Amino acid sequence: MSGVVDLHVHTTASDGTLAPCEVVKLAKEIGLEAIAITDHDTTAGHSEAIQAGEKYNLKVIPGIEISTRFQSAVHILGYYIDQNSLELQTALAEIVRIRDERNEKICQLMREDGFAVEYDSMKKRFGDVIGRPHFATLLVEFGLAADVQDAFHHYVDKGQRYFVPRTFLSLERSIRIIRSAGGIPVLAHPFQYRLPDHDLRLLLEQCIEYGLLGMECLYSGYSADQSAYLTRLAEEFGLLITGGSDFHGSAKPHIQLGTGTGELHVPLKYLNALSHAAHSLQ
Ligand code: AMP
Ligand code: FE
Ligand code: FE
Ligand code: ZN
């Protein structure tokens, strides 16, 4: 797999199941040239991943993925972000507060059903950025579900017993804080939002006004035709092209690092263009 990268990777710093150093080691073993760590709402995995990158001689790009809203869910990736940016960390602390509020309510619901769930011990075990995948993991351990997917389906997906909604940062703020941290904002997995072409274009126009610079055109499960369509759209809008698997370890066992669901192949040239753009922002 020479000349191949993966620019969308989660670790235990958010809801992945491999530690940052383990992901880096695996990436090296399978022959990737580089990976970007894009945990949800946190930069906590950066230092460990970058250190491991030096140890294993693998390029590691510090990134992030922020959940926001436009009609429905929209995710914004950020690359080459400076984790010391005060504006970024202030916003991330706000997201953790929003999550804490929602999560305490989920714990309460589970306790009402007789489960001994303490949020403090979840934080000790899973870290600061706790989400539904961690509750799903507990439900599996309690024997209520066969695996994380099953737990989502029966308990934590929208409409299920332990689903509690949360608020999100706005699209504008999400993009602007990535820019203020010196990063490149990229629209993640555009087909996941199920927007008709016209609405996807509206979303892109809106995002570009706020400072968007790229679009994830290669993604796990996207066909060659779908990727070609997105690539043409990116070129039309003057956006950088990125790609990645959205690897989460055993939380999403159908997705492999680097190859996604088998077909993924993100060429190094996209990372080179991204890195060039990041340098020219400085
Ligand atoms: P939250 O941000 O806490 O609402 O949780 C959403 C996260 O859960 C997403 O970012 C996904 O990574 C993960 N997720 C959503 N659906 C599933 C699923 N069916 N199986 C595993 N993980 C999921
Ligand atoms: Fe996730
Ligand atoms: Fe996402
Ligand atoms: Zn992701």
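Everything discussed here concerns the structure shown above.
Only a predicted model underlies this, so the values are computations on that prediction, with no experimental measurement involved. (Residues numbered from 1 in each chain as written. Chains lettered and ligands numbered in written order. Predicted model: local features only at pLDDT ≥ 70, side-chain atom pairs only at ≥ 80, totals over all residues. Heavy atoms only, no water.)

Novice: Sorry, what's going on with the site of ligand 1 here?
Specialist: Around ligand 1, the structure places 14 residues, and the nearest of them are Asp15, His40, Arg102, Arg132 and Arg166. Between Arg99 and ligand 1, the recorded distance is 3.0 Å, taken from a side-chain N or O atom to an oxygen atom. Between an oxygen atom of ligand 1 and a side-chain N or O atom of Lys252, the distance comes to 3.1 Å. Notes on ligand 1: free accessible area 500 Å², of which the protein chains cover 82%. Counting atoms within 2 Å of the grid points, the majority share of ligand 1 lands in the largest pocket. Those elements giving two or more residues to the shell around ligand 1 turn out to be α3 (86-112), α5 (132-141) and α6 (148-156). In terms of residues, the shell around ligand 1 owes the most to one element, α6, which gives three residues. (Near = heavy atom within 4 Å. Polar contact = N/O pair within 3.5 Å; in protein donor to acceptor, adjacent residues only side chain to side chain. Areas by Shrake-Rupley, 256 points an atom, 1.4 Å probe, with all protein chains shown as cover. 1 Å grid on protein atoms, 1.4 Å probe; cavity = no way out; pocket = protein on both sides within 12 Å on 5 of 7 lines; lining within 4 Å. Sits in = over half its atoms within 2 Å of the grid points. Helix = DSSP H or I, 4+ residues; strand = E, 2+ residues; numbered from the N terminus.)

Novice: Can you walk me through the sheet that holds strand β2 (residues 34-37) in this structure?
Specialist: Whether parallel or antiparallel, the strands of a sheet pair through hydrogen bonds between backbone atoms. What the eight strands build is an open sheet, ordered β7-β6-β5-β4-β3-β2-β1-β8; its pairing is mixed. Lying at the two open borders of the sheet, with one neighbouring strand each, are β7 (240-244) and β8 (266-267). Relative to strand β5 (residues 184-187), strand β4 (residues 72-79) runs antiparallel, the two sharing four bridges. Within the sheet, the bridge partner assigned to Gly78 lies in β5 and is Pro185. Across the face of the sheet, helix α9 (residues 224-236) comes into contact with β6 (214-219) and β7 while running at roughly 165° to β6. (Pairing = 2+ DSSP bridges. Contact = heavy atoms within 4.5 Å. Axes fitted to C-alpha atoms, helices over the stretch in contact; angles between N-to-C directions.)

Novice: Looking at this structure, how should I read the packing of aromatic side chains?
Specialist: The geometry of an aromatic ring pair is captured by two quantities: the separation of the ring centres and the angle between the planes. Under the defined criterion, the tally for this structure stands at five aromatic pairs. Ring geometry for Tyr155 versus Tyr162: centroids 5.8 Å apart, planes at 15°, classification stacked. Here the two residues Tyr155 and Tyr162 agree in accessibility, since each one is buried. Where Phe191 meets Tyr229, the ring centres are 5.9 Å apart and the plane angle is 25°; that geometry is what we call stacked. In this pair, Phe191 is assigned in the loop between β5 and α8 (197-210) and Tyr229 in helix α9, connecting sequence segments 38 residues apart. Tyr229 gets classed as partly exposed once you look at its relative accessible area, which sits at 23%. Connected via pairs of aromatic rings, a cluster forms that spans Phe191, Tyr219, Tyr222 and Tyr229. Against the face of Phe168 rests Arg69, its NZ or CZ located 3.8 Å from the ring centre. (Phe/Tyr/Trp six-rings, centres within 6.5 Å; stacked < 30°, edge-to-face > 60°. Buried < 20%, exposed > 50% of the residue type's maximum accessible area, 1.4 Å probe, protein only. Lys NZ or Arg CZ within 6 Å of the ring centre and 35° of its normal.)

Novice: What's the story with the layout of surface pockets in this structure? I'm lost.
Specialist: Gaps between atoms show up when a probe of the same size as a water molecule is rolled over them. Of the pockets and cavities examined, the largest pocket occupies roughly 1300 Å³. Of all the elements in the fold, those that place two or more residues in the lining of the largest pocket are β3 (59-70), β4, α3, α5 and α6. For the lining of the largest pocket, the per-class residue count stands at 16 nonpolar, 14 polar and 12 charged. Taken as a whole, the second largest pocket holds about 230 Å³ of empty space. Around the second largest pocket, the lining is made up of 13 residues, and of these Gly16, Thr17, Phe126, His134 and Thr137 lie nearest the centre. Among the elements of the structure, α4 (119-126) and α5 are those that each provide at least two residues to the lining of the second largest pocket. Broken down by element, the residue count for the lining of the second largest pocket peaks at three residues, all from α5. (Points joined across faces, edges and corners; volume = space filled by probe spheres on them. Nonpolar A, V, L, I, M, F, W, Y, C, P; charged D, E, K, R; others polar.)

Novice: Even after reading the chapter, I still don't get the pattern of salt bridges, so can you show me in this structure?
Specialist: Close approach of charged atoms allows side chains with opposite charge to pair. According to the stated counting rule, one finds 12 salt bridges in the structure shown. Where Arg125 meets Glu141, a salt bridge forms, and the shortest distance between an N and an O atom there is 2.6 Å. Pair noted here: Arg125 is in helix α4 and Glu141 is in helix α5, with a separation of 16 residues, a long-range link. Residue Arg125 is classed as partly exposed on the basis of its relative accessible area of 47%. Salt-bridge contacts for Asp197 lead to Arg201; the nearest nitrogen and oxygen are separated by 3.0 Å. Separated by four residues within a single helix, Asp197 and Arg201 lie in helix α8, roughly one turn from each other. The partly exposed category is assigned to Arg201, whose relative accessible area is 24%. Through salt bridges that share partners, Asp100, Lys123 and Asp128 make up one connected network. (Salt bridge = Lys/Arg side-chain N within 4 Å of Asp/Glu carboxyl O.)

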